[in-house]
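Given next are the chains, with one letter for each unit.
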Amino acid sequence: MTRVEIRHFHLFCGLGSGAKGFNKANPRVGSMEGEFSCIGGIDIDAVAIANFESLTGCPGTVRDLMSAEQYQAFHGCPPPEGWQEATPADIQNAAGGQRPHIVFLSAPCKGFSGLLSQNLSNSAKYQALNELTLRGIWLSLEAWKDDPAELMIFENVPRIANRGRHLLDQITQLLRSYGYAVAETTHDCGEIGGLAQSRRRFLLVARHEEKVPPFLYEPPKKTLRAVGDILGAMPLPGLESAGPMHRIPSLQWKTWVRLAFVEAGKDWRSLNRLEIENGYLRDYLVVPEYRPGYMGVRQWDEPTGTIAGRSSPTNGAFSVADPRYEGQQYSQFGVLRWDETAGVVTGQRSPGQGRFSVADPRRGGQPAARSKYRVTRYDESSGSVIAASTTGEGAFAVADPRPGFVRKKGDHYLTAGHYGVVPWNSPAGAVSAAAGHDNGRWTVADPRTTDAVPNPEPGLPAPTERLVAEITSLDGTWHRPFTTLELAALQSIIEPEEYLALHGRSDSTWREQIGNAVPANAAAAIGETMGETLLLAWTGETFVLSPEKVWVQPIRVALSVDQKHLEATA
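Everything numeric here is computed off the predicted structure, so don't read it as measured data.

Definitions and cut-offs
Residues numbered from 1 in each chain as written. Predicted model: local features only at pLDDT ≥ 70, side-chain atom pairs only at ≥ 80, totals over all residues. Heavy atoms only, no water. Helix = DSSP H or I, 4+ residues; strand = E, 2+ residues; numbered from the N terminus. Buried < 20%, exposed > 50% of the residue type's maximum accessible area, 1.4 Å probe, protein only. Contact = heavy atoms within 4.5 Å. Areas by Shrake-Rupley, 256 points an atom, 1.4 Å probe, with all protein chains shown as cover. Axes fitted to C-alpha atoms, helices over the stretch in contact; angles between N-to-C directions. Parallel < 35°, antiparallel > 145°, perpendicular 65-115°, else oblique. Left-handed = near helix turned anticlockwise from the far one by under 90°. Nonpolar A, V, L, I, M, F, W, Y, C, P; charged D, E, K, R; others polar. pLDDT = per-residue confidence, 0-100. Core = buried A, V, L, I, M, F, W, Y, C linked by side-chain atoms within 4.5 Å. Pairing = 2+ DSSP bridges. Salt bridge = Lys/Arg side-chain N within 4 Å of Asp/Glu carboxyl O. Arc of directions from axis to C-beta. Polar contact = N/O pair within 3.5 Å; in protein donor to acceptor, adjacent residues only side chain to side chain.

Brief notes about the overall build of the protein
The secondary structure content of the protein amounts to 17 helices and 21 strands. Burial status across the protein gives 44% buried among its 570 residues. Considering only residue pairs separated by 6 or more positions, the protein has 67% of its internal contacts joining residues 24 or more positions apart. By element, 51% of the accessible surface of the protein is carried by carbon and sulfur atoms, the whole surface being about 29,900 Å².

Structure representation (structure tokens):
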């Protein structure tokens, strides 16, 4: 078996998941076997570059790739003293002076993403960020114009085909001027990499027409996996041995309750099914989970258990059904029915001293003191509307039975899956850079039990108290947010059994880098396809039988046909 080196270089490399995936690729053609070798990566984020070096074992370069005009537009101020624009020579240096066979670019996608409003996307700031795509391609082409890379791959969010159409047209023209044939397509990283998430992405593939024959096959598709397949092989969340990236976030108690009542596979809208009366759930209670015997009551004629040091009602069956009770009561704050006879009127006649209040059915003239802050029923008429019609001046509040969080088309939080819960046996959606329990389907219905949650204190927490709470939902699972480590595993940055410690100490920074990453397994599948194409080109082959489709555009025209020919015949 002859081993052949395939060198790859990454612009906007992030933490290096895509480069790690390429390194895992193992293409073979006949007696030739490709061995992928990363020769460098470049990114503006120093922490991301530190992670890149850890994941790939290859030196990375911290460099701002913006032009001076883009810097001014994005930051709102001129570049600092000593700042210099990146040049093609800087790209060559970042690659260690070597020429790559494959250049992979995953430029910032925030300006193209649907998570950003159209108005912000069109602002000067984000237009400058979007233009990095074109500048990154130009820098790469110029860096190796004398000996071009065989293949160039540009990856981004699908919405770039609409919001960045003018940039894609310029990129295509630029690539063609350097001798590349270009095709655009979309793919699901989950299907290509066999992931437990569905992740639709845009892919622009360019092959140098003089160096690569016109056959590039699409990676085979795989079945999406369930999140439980990945998470089930990982340590239980919250265990110290799993590291800080596997800790469970502390949420407000009311948030834990909301997540517990969201049905698995749905989002916050499923809370609309709950009935609320006087601010409380009508049909459900949330109670602490105690040991057997909690609040137990012994029969009068049965023996008790062992007397413990703390023999209280909440610590076991330390109460008794006493038959000697004859109904005596002191009746503090007692209220007499309208048709009931009062007891003896004593010298102590305050409500707290006995039954000295009455349930008066008469409304009379509704004196002002009685009407203050009164709430009008939804099915009754209001009083006269006066000049000072405020809640403190009469019954100018209404008991509206319509829940205020029922949304309709055009409202916030309608379709983004906020507070969504992913079933254990289903795949997740695309891991985003801001994945959180309150901005998408980033909670999982975990059927496993854990000892990582401390035992509850007597009583229930205050609504806004932050803590880690394990509430058993109606489906018998624990609805909890994905940990940062689990998001990394869903992105295939690590295998489920592996330990990961990224540089830095911020979960938000980790999650941003993880969400922006190209899934390693998807990159490996793409790399194998690219590698087989290069091995064929280097052996002089122009065609090989394959059960896979030739990589196509949306109209199913092979990459071997440049889009400029399609446009000419359209």
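Section: the packing of helix 1 (residues 17-24) against helix 16 (residues 520-539)
Closest axis-to-axis distance for the helix 1/helix 16 pair is 7 Å, and the angle between their directions is 45°. Comparing their axes, helix 16 and helix 1 come out oblique. Taken as a pair, helix 1 and helix 16 cross one another with a handedness that is right-handed. Contacts from S17, G18, G21, F22 and K24 in helix 1 reach A520, N521, A523, A524 and G527 in helix 16. Of the residues in the contact of helix 1 with helix 16, the class split is four nonpolar, five polar and one charged.

Re helix 12 (residues 253-261)
The buried fraction of helix 12 amounts to seven of the nine residues, a majority that puts the element mostly inside the structure. By the burial criterion, the buried members of helix 12 are W253, T255, W256, V257, L259, A260 and F261. Lining the buried residues of helix 12 we find strand 9 (251-252), strand 11 (280-281), strand 18 (421-422), strand 19 (443-446), strand 20 (466-467) and strand 21 (478-481).

Considering the environment of I91
Along the chain, the position of I91 falls in helix 4 (residues 88-94). Judged by relative accessible area, I91 falls into the buried class, the value being 0%. The spacing of I91 and R63 is 28 residues in sequence and 9.4 Å in space, taken between C-alpha atoms.

Looking at the confidence of the model for the protein
For the protein, the mean per-residue pLDDT works out to 83, and 83% of the residues sit at or above 70. Here residues 552-563 scores under 50 on pLDDT; set against residues more than four positions off or in separate chains, the count is 35 contacts.

Examining the nonpolar core
The biggest cluster of nonpolar side chains holds 35 residues, and the ones touching the most others in it are F9, L11, L65, I91, M152 and L175. Top element by residues in this core is helix 7 (residues 132-143). It accounts for five residues. If near-sequence neighbours (up to four positions away) are discounted, L11 is found in contact with I42, L65, I91, V103, F104, L105, S106, G136 and S140. If you look at the next biggest cluster of nonpolar residues, it comprises 27 residues, including I230, W442, F482 and L485.

Regarding the sheet that holds strand 21
Here three strands make up an open sheet; going across it, the order is 18-19-21 and the pairing mixed. Sheet topology places strand 18 and strand 21 at the edges, where each strand pairs with a single neighbour. This element, helix 12, spans strand 18, strand 19 and strand 21 of the sheet and lies at about 125° to strand 21.

Observations concerning the pairing of strand 6 (residues 151-156)
Strand 6 sits mainly inside the fold: six of its six residues count as buried. Burial along strand 6 is two-sided: L151, I153 and E155 facing one way and M152, F154 and N156 facing the other are all buried. In this structure, strand 6 lies alongside strand 8 (residues 200-208), joined through six bridges in antiparallel fashion. Bridged to L151 within strand 8 is R207.

Let's talk about the packing of helix 1 against helix 2 (residues 46-56)
The geometry of a pair of packed helices is captured by two quantities: the angle between their axes and the separation between those axes. The contact between helix 1 and helix 2 brings their axes to 9 Å, and the two run at 15°. Of the possible angle classes, the one that applies to helix 1 and helix 2 is roughly parallel. Helix-helix and strand crossings are classified by hand; for helix 1 and helix 2 the assignment is right-handed. Contacts from S17, A19, K20 and N23 of helix 1 reach helix 2 at F52, L55 and T56. When grouped by side-chain class, the residues that make up the contact of helix 1 with helix 2 number three nonpolar, three polar and one charged.

Observations concerning the pattern of salt bridges
Summed over the entire model, instances satisfying the criterion amount to 27 salt bridges. For K145, the salt bridge is made with E142, and the minimal N-O distance between the two is 3.5 Å. Via salt bridges that share partners, R3, R28, E33 and E35 belong to a single interconnected network.

Details of the side chain of S270
Structurally, S270 is set in the loop between helix 12 and strand 10 (276-277). Given the relative accessible area of 9%, S270 is considered buried.

Some points on the pairing of strand 5 (residues 102-105)
Here strand 5 shows two buried faces, one formed by I102 and F104 and the other by V103 and L105. Inspection of the sheet shows strand 1 (residues 2-11) paired to strand 5 by four bridges, in the parallel sense. Its bridge partner being in strand 5, F9 is matched across the sheet by V103.

A word on unusual backbone geometry
One non-glycine residue, F12, lies in the positive phi region at around 55°. A relative accessible area of 10% places F12 in the buried class. The residue S492 is not glycine, and still its phi comes out positive at about 60°. A relative accessible area of 5% places S492 in the buried class.

Let's talk about helix 2
Where helix 2 is concerned, the buried positions are A48, I49, N51, F52, L55 and T56. Axial view of helix 2: buried residues confined to an arc of 160°, hence all on one face. Buried positions along helix 2 lie against helix 1, strand 3 (32-43), strand 4 (60-62) and helix 15 (507-516). For helix 2, the N-terminal cap is D45; the gap from its side-chain oxygen to the backbone nitrogen of V47 is 3.0 Å. In the segment just after helix 2, G57 is the residue with positive phi, at about 70°.

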